[in-house]
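What follows is the residue order along each chain.
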Amino acid sequence: MQQYDLAIVGAGVLGLAHAVHAAQSGLSVAVFDRSGVADGASVRNFGMLAIVAQRPGDELDSARRTLAHWQNFGAEAGITLRQAGCLFVGRTEQELAVLHECAANAGRHGQSFVPVAREDLGHYANGLRTDAALGGLWSKDAWKLDQRSAMAQLAQWLELRHGVTFYMGCEVRGIEAGVLDTAKGAVRAGRTVICGGSEFSRLFPDQFAASGVTTCQLQMLRTAPQPDGFQLSPFVLGGLSLPRYSAFADCPSLPDLRATLEQSRPREMINGIHLIAAQEDDGSITLGDSHHYGADAPPERLAEVDTLLLNEASALLALPDVTITQRWLGHYAHLAGKASLVLHPAQGVTAVTMVNGQGMTHGFALAEDVISELIG
Ligand SMILES: Cc1cc2nc3c(=O)[nH]c(=O)nc-3n(C[C@H](O)[C@H](O)[C@H](O)COP(=O)(O)OP(=O)(O)OC[C@H]3O[C@@H](n4cnc5c(N)ncnc54)[C@H](O)[C@@H]3O)c2cc1C
């Protein structure tokens, strides 16, 4: 029977981040994924390392630590990180008030928010509908990577550089007394870390259920590549994003803004919609997203959500080509009020899940903490 110091279930960003830290600590590591290539949340997102969105303190520190790991391991693996920056556009006085309050607090925490007057918005991003905007908030603290290729690049580097063994297309059906029952036979491991993302029904379902964790379903769109070398440059977000990011949580005007949005934009709020526009390397623009939790998630994509997302996109941006070429759903694990969930469902088994929808931004730091605790 094959034997490893550490078995990791899941080849998404969390699984690979654990593999990086464990292999660097000298452990023999095997990674198992039921898919032939990673196809969970880690390849369905915006590829945004959202330092900008974090609350000062532990959250911000964890995001900065993760960024440093991406810059280090990511570069070795050939992953290109682009410091895209992030522009929040305010279209109402209330949105502008929250943006200005955030900027006023930022300096104390070493954050780099810069208020932007309406006439200057065009210096930060192309294709903005500046006529409909009142002003904005800029931060350089957001990085973009290619979410669809990064997992494969990281896995290949782990295999070649660190001798990590990958069992792809190999479901783990059970774990007992240090033996994994897998689709390719039994494998022994000193320890196992489960990084199964939003999959809770297969391994230790009772322990996951007892934690209260649930899933969040998100709806995403991608346009055709924009013509004539059109460069959006930063991530562009609007006022609907402000209640969703903890960077704004302490702004005194936020409760009023949330109440107003619930009155004035009920369909967006019910569907958990906020707009992130992110340009990909081929010039296409990824647009998202919506949020439906647990049993409230519809079984399929909702046409209404696409319409609301496209309306919001066209209120913020005048894109040269809004032809939608791709539509997909993504799922991540969700547990209100927490960033991560670490369970110990059996002797020698740890289950690690990001539960705030920001695994790309925090995954390496969380994995570093888990591995250093495991190896003492
Ligand atoms: C639409 C969307 C947009 C997002 N945008 C961002 C963003 O821009 N920035 C950011 O920081 N975060 C973002 N997130 C969140 C981020 O993508 C997730 O937090 C992160 O990818 C979770 O990584 P993971 O490795 O835990 O899970 P996943 O990537 O879902 O990987 C889990 C893997 O485990 C495998 N697996 C599960 N059970 C088994 C089993 N029994 N046997 C074998 N294999 C198994 C699955 O096949 C899967 O490949 C977004 C998420 C979504 C859905």
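For clarity, every value in this text was computed on a predicted model and none was experimentally measured. (Residues numbered from 1 in each chain as written. Predicted model: local features only at pLDDT ≥ 70, side-chain atom pairs only at ≥ 80, totals over all residues. Heavy atoms only, no water.)

Q: Would you explain the overall build of the chain in this entry?
A: Check the secondary structure of the chain and you find nine helices and 19 strands. Relative to a compact globule of 376 residues, whose C-alpha radius of gyration would be 21 Å, the chain shows 21 Å and is just as compact. Here the C-alpha coordinates of the chain stretch approximately 65 × 45 × 40 Å along the principal axes. When each of the 376 residues of the chain is scored for burial, the buried share is 54%. Across the chain, contacts joining residues at least 24 apart in sequence account for 76% of those joining residues at least 6 apart. Per element, the accessible surface of the chain, about 15,400 Å² overall, is 48% carbon and sulfur. One way to put it: in the chain the 27 positive side-chain charges average out to a point 2 Å from where the 39 negative ones average out. (Helix = DSSP H or I, 4+ residues; strand = E, 2+ residues; numbered from the N terminus. Rg over C-alpha atoms; globule rule 2.2 N^0.38 Å. Buried < 20%, exposed > 50% of the residue type's maximum accessible area, 1.4 Å probe, protein only. Contact = heavy atoms within 4.5 Å. Areas by Shrake-Rupley, 256 points an atom, 1.4 Å probe, with all protein chains shown as cover. Lys, Arg positive; Asp, Glu negative; His and termini not counted. Charge placed at Lys NZ, Arg CZ, Asp CG, Glu CD.)

Q: I keep staring at helix α1 (residues 13-24) and nothing clicks. Help me out?
A: Structurally, the α-helix is built with 3.6 residues per turn, so residues lying three or four positions apart point the same way. Here α1 is 12 residues long and its end C-alpha atoms lie 16 Å apart, about the 16 Å a rise of 1.5 Å per residue gives. Counting buried positions along α1 gives 11 out of 12 residues, so the element sits mostly inside the fold. If you check which residues of α1 are buried, you get V13, L14, G15, L16, A17, H18, A19, V20, H21, A22 and A23. Of the residues flanking the end of α1, it is G26, one or two places downstream, whose phi is positive at about 90°. (Expected span 1.5 Å × (residues − 1).)

Q: Teacher, can you tell me more about the environment of F208 here?
A: With respect to the secondary-structure elements, F208 resides in helix α5 (residues 205-211). Residue F208 is classed as buried on the basis of its relative accessible area, which comes to 6%. Here the alpha-carbon distance between F208 and G40, two residues 168 residues apart in the chain, equals 18 Å. Residues contacting F208, with those up to four places away along its chain left out, are F200, L203, V213, L343, A351 and T353.

Q: Where do I start with the site of the ligand in this structure?
A: In the vicinity of the ligand there are 35 residues, among which D33, S42, M48, G359 and T361 approach most closely. Contact between the ligand and A41: an oxygen atom at 3.0 Å from a main-chain N or O atom of the residue. Here an oxygen atom of the ligand sits 3.0 Å away from a polar atom, N or O, in the side chain of N45. Relative to its free-state accessible area of 1,000 Å², the ligand is covered by the protein chains to the extent of 95%. Counting residues per element, the ones that place at least two in the shell around the ligand are α1, β2 (29-33), β12 (214-223), β17 (324-334) and α9 (359-374). Residue composition of the shell around the ligand, grouped by class: 15 nonpolar, 15 polar and five charged. (Near = heavy atom within 4 Å. Polar contact = N/O pair within 3.5 Å; in protein donor to acceptor, adjacent residues only side chain to side chain. Nonpolar A, V, L, I, M, F, W, Y, C, P; charged D, E, K, R; others polar.)

Q: I'm lost on the pairing of β12 in this one. Help?
A: A regular strand carries its side chains on alternate faces of the sheet. Burial within β12 is extensive, with eight of its 10 residues counted as buried. For β12 and strand β15 (residues 285-288), the ladder comprises three bridges, and the chain directions are antiparallel. Considered in β15, the bridge of R222 is made with T286. (Pairing = 2+ DSSP bridges.)

Q: Teacher, can you tell me more about the pattern of salt bridges here?
A: A side chain with one charge can pair with a side chain of the opposite charge if their charged atoms come near. Considering all chains together, one arrives at 17 salt bridges under this definition. For D181, the salt bridge goes to R173, with nearest N and O atoms at 3.2 Å. A relative accessible area of 37% places D181 in the partly exposed class. A relative accessible area of 39% places R173 in the partly exposed class. One network of salt bridges, with partners in common, ties together R34, E171, E199 and R202. (Salt bridge = Lys/Arg side-chain N within 4 Å of Asp/Glu carboxyl O.)

Q: Sorry, what's going on with the environment of P299 here?
A: With respect to the helices, strands and loops of the structure, P299 is situated in the loop between β16 (292-293) and α8 (303-316). Looking at P299, the relative accessible area reads 81%, which means it is exposed. For the pair P299 and Q217, spaced 82 residues apart in sequence, the C-alpha separation works out to 9.7 Å.

Q: Looking at this model, I keep getting lost on the domain arrangement of the chain. Mind explaining?
A: A common measure of how large an interface is: the accessible area buried when the components associate. Each assigned domain of the chain is listed with its residue range as follows: domain 1 (2-47 + 148-212 + 337-374) and domain 2 (86-140 + 214-334). The distance between the C-alpha centroids of domain 1 and domain 2 comes to 31 Å. Each partner contributes residues to the interface: domain 1 has 16 residues there, and domain 2 has 20 residues. Between domain 1 and domain 2, the buried area comes to about 1,300 Å², and carbon and sulfur atoms account for 58% of it. Contact with domain 2 buries area across many residues of domain 1, yet R44, F46 and R148 alone supply 50% of it, more than any other trio. Here domain 1 is connected to domain 2 by zero salt bridges. Inspection of the domain 1/domain 2 interface yields three residue pairs in polar contact (both at pLDDT 80 or more). Class assignment of the residues belonging to the side of domain 1 that touches domain 2 gives a composition of five nonpolar, nine polar and two charged. (Domains from an automatic or database assignment. Buried area = accessible area lost by both parts, 1.4 Å probe.)

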